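# Observations on the model geometry
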Amino acid sequence: LEMARKGPKQEAEEYLEQHNIRALFKHLSTRLLFAKPEDPKAFLVAELKKVYECQKNQTPVPSMFEEKDLVAMFGMFDVTGCGKISHTQLEQAMRNLGIDDYTAPSTDQVNLKTFQAIAKDELSKVALRMPPLP
């Protein structure tokens, strides 16, 4: 009896999944379009080196959003300057950070410190993680 062989499409899908290629390409294209460097190839090489280091150490690739970006994002939603944003604004801010499936756990308003903690936690959940090196 002959064993059923995988088709080329299934093999390709498994390869992409095994090596997390789709997430890697999404990460690279997002970083590239955010930075818009003069030399895109050199930028991509440097970014791949960062990804490789994280893969070697089995750590997530750090978010491109820094503390100052989170402060600025909060400020954009705190239009009245009261130091708090609504749960609806919090959810929109998360979508702006690329976190599409976030639902605020309550209807309470959040301050900057809470916003930063939530944003860092959510960004960590969606951070690029590469499989261990062979």
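Before any of the text, the structure's been laid out above.
Residues numbered from 1 in each chain as written. Predicted model: local features only at pLDDT ≥ 70, side-chain atom pairs only at ≥ 80, totals over all residues. Heavy atoms only, no water.

Turning to the packing of helix 4 (residues 67-77) against helix 6 (residues 112-126), a few remarks are in order. In contact at an axis separation of 10 Å, helix 4 and helix 6 are set at 125° when each is read in the N-to-C sense. Put simply, helix 4 runs oblique to helix 6. Viewed along their axes, helix 4 and helix 6 form a crossing whose handedness is right-handed. On helix 6, the residues that touch Glu67, Leu70, Val71, Met73 and Phe74 of helix 4 are Leu112, Phe115, Gln116, Ala119, Lys120 and Leu123. (Axes fitted to C-alpha atoms, helices over the stretch in contact; angles between N-to-C directions. Helix = DSSP H or I, 4+ residues; strand = E, 2+ residues; numbered from the N terminus. Parallel < 35°, antiparallel > 145°, perpendicular 65-115°, else oblique. Left-handed = near helix turned anticlockwise from the far one by under 90°. Contact = heavy atoms within 4.5 Å.)

So, on to the environment of proline 132. Secondary-structure assignment places proline 132 in the segment after helix 6. Owing to a relative accessible area of 57%, proline 132 belongs among the exposed residues under this scheme. In the structure, proline 132 is positioned 78 residues away from cysteine 54 in sequence and 9.8 Å away in space, judged by C-alpha atoms. (Buried < 20%, exposed > 50% of the residue type's maximum accessible area, 1.4 Å probe, protein only.)

With that settled, the discussion passes to the pattern of salt bridges. Scanning the model with the defined rule gives 10 salt bridges in all. In this structure, the salt-bridge partner of lysine 50 is glutamate 47, at a minimum N-O distance of 3.6 Å. Of this pair, lysine 50 and glutamate 47 both sit in helix 3 (residues 40-57), 3 residues apart, which is roughly one turn of the helix. Note on glutamate 47: relative accessible area 3%, which makes it buried. The residue aspartate 121 makes a salt bridge to lysine 125 at a minimum N-O spacing of 3.7 Å. (Salt bridge = Lys/Arg side-chain N within 4 Å of Asp/Glu carboxyl O.)

Attention now goes to the environment of leucine 24. Counting through the fold element by element, leucine 24 comes out in helix 2 (residues 21-35). Its relative accessible area of 10% is what places leucine 24 among the buried residues. Taking C-alpha positions, leucine 24 is 7.1 Å from leucine 128, a pair spaced 104 residues apart along the chain. Dropping the residues within four chain positions of it, leucine 24 is found in contact with Leu48, Val51, Leu128 and Met130.

To continue, consider the packing of aromatic side chains. Scanning all chains against the criterion turns up 2 aromatic pairs. Ring geometry for phenylalanine 74 against phenylalanine 115: centres 5.6 Å apart, planes inclined by 50°, an arrangement best described as tilted. With phenylalanine 74 in helix 4 and phenylalanine 115 in helix 6, the pair connects residues that are 41 residues apart, well separated along the chain. Take phenylalanine 74: its relative accessible area is 5%, and that puts it in the buried class. Looking at phenylalanine 115, the relative accessible area reads 0%, which means it is buried. (Phe/Tyr/Trp six-rings, centres within 6.5 Å; stacked < 30°, edge-to-face > 60°.)

Geometric descriptors of this kind do not, in isolation, establish any biological role.
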